[in-house]
Amino acid sequence: MKRLAVILMSAILLGACASSGNTKLKELTVEQAKQQVTEGVTTKNEVETKFGSPDSVSFTDGGNEIWTYRYSEATSHATNFIPIVGIFKSGQDVKTKEMVVMFDKNNVVQRFTMRNSNSVQKAGILGK
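A. View of the nonpolar core. Counting 15 residues, the largest nonpolar core has Val47, Phe51, Tyr69, Met99, Val109 and Phe112 as its most contacted members. When neighbours within four sequence positions are excluded, Val109 is seen to be in contact with Val37, Thr38, Glu39, Gly40, Thr42, Val47, Val101, Met102 and Phe103.

Right, here's the structure in full:
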């Protein structure tokens, strides 16, 4: 019985978290990002060297290139792992970081922003 409890607790702890996106953003604060990316100075090559390839690329009507980096980490609520209760009420806490960099036509950072957000995703019959 003791062994079964240890196995179940290990499964809960290992299955409770998930992450996706650019791991270089995981520990990065807004202040640190501002030290590494300077508008009018930092080049596209420097951004790519520091943060890797962007998660998405888009363009403005004027032809400027916009790179977006994202990192998300989700932690499951404890109720997800309670038999039957999880069917009725489950969810997860989600922490997201997003960094957006816009380059001018000379491949220099024109605009830069980074934001952090926290949200709760609810699921189950009573989750909403």
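Having seen it, we continue.
B. View of helix H3 (residues 44-51). Among all positions of H3, only Lys44, Val47 and Phe51 are buried. Looking straight down H3, one finds its buried side chains confined to an arc of 60 degrees; they lie on one side. Set apart from the buried face of H3 by more than 90 degrees, the exposed residues are Asn45 and Thr49. Positioned one or two residues after H3, Gly52 has a phi angle of 80 degrees, which is positive.

C. Expanded view of the confidence of the model for the chain. Here the chain averages 82 in pLDDT, while 72% of its residues score no lower than 70. Note that residues 4-14 has pLDDT below 50 and, in this model, one contact with residues that lie over four places away or in other chains.

D. Focus on the environment of Glu27. Following the sequence through the fold, Glu27 ends up in the loop between strand E1 (17-21) and helix H2 (30-36). When residues no more than four places from it in sequence are discounted, the contact partners of Glu27 are Gln32 and Lys97.

E. Representation of the side chain of Lys44. Relative to the assigned elements, Lys44 resides in helix H3. Lys44 sits in the buried class, given a relative accessible area of 15%. Residues contacting Lys44, with those up to four places away along its chain left out, are Glu65, Trp67, Phe103 and Asn107.

F. Up close: unusual backbone geometry. A positive phi angle, close to 65 degrees, is found at Asn107, a residue other than glycine. Among the structural elements, Asn107 can be located in the loop between strand E4 (90-103) and strand E5 (109-123).

G. Expanded view of the packing of aromatic side chains. Scanning the entire structure with this criterion turns up two aromatic pairs. With 5.9 Å between their ring centres and 55 degrees between their planes, Phe51 and Tyr69 make a pair best called tilted. With Phe51 in helix H3 and Tyr69 in strand E3 (residues 65-76), this pair connects stretches of sequence that are 18 residues apart. Assessed through its relative accessible area of 3%, Phe51 is described here as buried. Over the face of the ring belonging to Phe103 we find Lys44, whose NZ or CZ atom lies 5.7 Å from the ring centre.

Thresholds, definitions, all that
- Residues numbered from 1 in each chain as written.
- Predicted model: local features only at pLDDT ≥ 70, side-chain atom pairs only at ≥ 80, totals over all residues.
- Heavy atoms only, no water.
- Core = buried A, V, L, I, M, F, W, Y, C linked by side-chain atoms within 4.5 Å.
- Buried < 20%, exposed > 50% of the residue type's maximum accessible area, 1.4 Å probe, protein only.
- Contact = heavy atoms within 4.5 Å.
- Helix = DSSP H or I, 4+ residues; strand = E, 2+ residues; numbered from the N terminus.
- Arc of directions from axis to C-beta.
- pLDDT = per-residue confidence, 0-100.
- Phe/Tyr/Trp six-rings, centres within 6.5 Å; stacked < 30°, edge-to-face > 60°.
- Lys NZ or Arg CZ within 6 Å of the ring centre and 35° of its normal.

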